[in-house]
Amino acid sequence: MKFGLLGTGPWAERTHGPALAAHKDVELVGVWGRRAEPTGALAERLGTRPYADVDALFDACDAVAVALPPDIQAPLAVRAADAGCHLLLDKPVATTPESARGVAEAVERAGVGCVVFFTLHFCESTGGWLREQAERGDAARPGGGWQVGRADWLSPVFGGADSPYTASPWRREKGALWDVGPHALSVLLPLLGPVSEVTAVRGGTGDTVHLVLRHTSGASSSCTLTHSVTPAAAGVTAEVRGGPGVAELPVRDEAPADSFGRAVDALLTAARTGEEHLCGARFAETVTLLLHEAQLQLRDV
């Protein structure tokens, strides 16, 4: 499949680009970015060509992988879908319900495949765990599936870490709620079901936010999200409890580029079969709706 890459930042350079260039079933035909110099430099490193015109890249591709801030990603994803390109997007797909809905509608209108890179679903260890716990929870109903859960993402990006993402303008503006909140929700929603109510409370340090979720299944869950802990306090943890017992999320034990390669595989399958992936555009829209509701509550504080 002929892929184009949109974006030239650290995520594109370290994850998307290398994974696409190395994938045996992908031809990376070009890179588009918002500035000519980094676009040319990344294209040269990846052994492909730079594009100044994004629509020309769409015309040359079967699919695009997007590594751009969400509010730039969403309108470009709609244009790419309308041009007939399958979509491999990053989370969150957008930061407004209207933009997220627009992406989902464009995917359905064009009949293209769409996979959103919720990293934990595509890492071998954590993705396998999520599938296993979904099966265990389903098998336990109606005797009692998963009843409570938590997913905490404690990052030191703004707390002293030596990270290329510290200077990211959109992360500085939106904080951990929008950057790592999608990861936490991608664990809880498939295991505990749709959410009927979300409550958001701002924490005491930096961009720390706490979420409490009520699920339509009767289950409840919580998240702690931050980019403001020190490196010594950082960590990702999640667990669910209920009829099947207790299950704890294993450590993500591979490079993001390896996980991204599996996301490419998932998009190839979705494009071939026409089946919607769990991490598809509608799931990503649901995540955006929940985060938007949480954001509205935080603004009212």
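Look above for the structure.
Reading the values: the criteria
Residues numbered from 1 in each chain as written. Predicted model: local features only at pLDDT ≥ 70, side-chain atom pairs only at ≥ 80, totals over all residues. Heavy atoms only, no water. Pairing = 2+ DSSP bridges. Helix = DSSP H or I, 4+ residues; strand = E, 2+ residues; numbered from the N terminus. Expected span 1.5 Å × (residues − 1). Buried < 20%, exposed > 50% of the residue type's maximum accessible area, 1.4 Å probe, protein only. Phe/Tyr/Trp six-rings, centres within 6.5 Å; stacked < 30°, edge-to-face > 60°. Axes fitted to C-alpha atoms, helices over the stretch in contact; angles between N-to-C directions. Contact = heavy atoms within 4.5 Å. Salt bridge = Lys/Arg side-chain N within 4 Å of Asp/Glu carboxyl O. Polar contact = N/O pair within 3.5 Å; in protein donor to acceptor, adjacent residues only side chain to side chain.

**Things to note about the pairing of strand β12 (residues 245-248)**
Reasoning step 1: With four bridges connecting them, strand β11 (residues 235-242) and β12 associate as antiparallel partners. Within β12, the residue paired with G242 across the bridge is G245.
Reasoning step 2: The loop that links β11 with its antiparallel partner β12 comprises two residues.

**So, helix α4 (residues 70-82)**
Reasoning step 1: With 13 residues, α4 should cover 18 Å at 1.5 Å per step; its first-to-last C-alpha distance of 18 Å lies within 8% of that length.
Reasoning step 2: Buried within α4 are the following residues: P70, Q73, A74, L76, A77, A80 and A81.
Reasoning step 3: At the exit of α4 stands G84, carrying a positive phi of roughly 90 degrees.

**Quick notes on the packing of aromatic side chains**
Reasoning step 1: Going through the model one piece at a time under the given rule, you end up with five aromatic pairs.
Reasoning step 2: Geometrically, the ring pair formed by W11 and Y165 is edge-to-face, given 6.2 Å between the ring centres and 75 degrees between the ring planes. Of this pair, W11 sits in helix α1 (residues 10-22) while Y165 sits in the loop between β7 (146-154) and α7 (169-179), and the two are 154 residues apart along the sequence. For the pair W11 and Y165, one class covers both residues: buried.
Reasoning step 3: Note on F118 and F283: the rings are 5.3 Å apart at their centroids and 75 degrees apart in plane angle, and the pair reads as edge-to-face. Here F283 lies in helix α10 (residues 281-299) and F118 lies in the loop between β6 (114-117) and α6 (124-140), a separation of 165 residues in the sequence.
Reasoning step 4: A relative accessible area of 1% places F118 in the buried class.

**Comments concerning the sheet that holds β7**
Strands in a sheet are paired, the pairing made by backbone hydrogen bonds, and the direction either parallel or antiparallel.
Reasoning step 1: Read from one edge to the other, the open sheet built from six strands follows the order β8-β9-β10-β7-β11-β12, with strand pairing classed as mixed. This sheet does not close on itself; its edge strands, each paired only once, are β8 (195-202) and β12. Within this sheet the neighbouring strands show an average axis-to-axis angle of 10 degrees, counted without direction.
Reasoning step 2: Where strand β9 (residues 209-215) and strand β10 (residues 220-226) come together, six bridges link them in antiparallel fashion.

**Observations concerning the sheet that holds strand β5 (residues 86-90)**
Reasoning step 1: The strand order across the open sheet built from six strands is β3-β2-β1-β4-β5-β6, with neighbouring strands paired in parallel fashion. Each end of this open sheet is capped by a strand with a single partner; those strands are β3 (50-51) and β6.
Reasoning step 2: Summarising the sheet, strand β1 (residues 2-6) and strand β4 (residues 63-66) pair through four bridges and their orientation is parallel. Bridge pairing links L5 to A65 in β4.
Reasoning step 3: Across the sheet, helix α9 (residues 256-273) lies against β1, β4, β5 and β6, angled at about 165 degrees from β6, the strand it touches most.

**Side note on the side chain of T15**
Reasoning step 1: Mapping T15 onto the fold places it in helix α1.
Reasoning step 2: Ignoring anything within four residues of it in the chain, the contact list for T15 reads P10, F117, P256, A257 and F260.

**Thoughts on unusual backbone geometry**
Reasoning step 1: Backbone torsion omega between K91 and P92 reads -15 degrees, so that peptide bond is classified as cis.
Reasoning step 2: Among the structural elements, P92 can be located in the loop between β5 and α5 (97-110).

**So, the pattern of salt bridges**
Reasoning step 1: This structure, assessed with the given rule, holds 15 salt bridges.
Reasoning step 2: A salt bridge links D152 to R150, with the nearest nitrogen and oxygen atoms 3.4 Å apart.
Reasoning step 3: In this structure, D179 and R171 form a salt bridge, with 2.9 Å as the shortest nitrogen-oxygen distance. An identical accessibility class is assigned to D179 and R171; each is buried.
Reasoning step 4: Beyond isolated ion pairs, a larger network of salt bridges with shared partners links R101, E108, R282 and E285.

**Regarding the side chain of H121**
Reasoning step 1: Structurally, the position occupied by H121 is in the loop between β6 and α6.
Reasoning step 2: Within the structure, the side chain of H121 is placed 2.7 Å from the backbone oxygen of S186, a separation counted as a polar contact.
Reasoning step 3: Excluding its chain neighbours within four sequence positions, the residues that come into contact with H121 are G127, L130, R131, S186, P190, L278 and C279.

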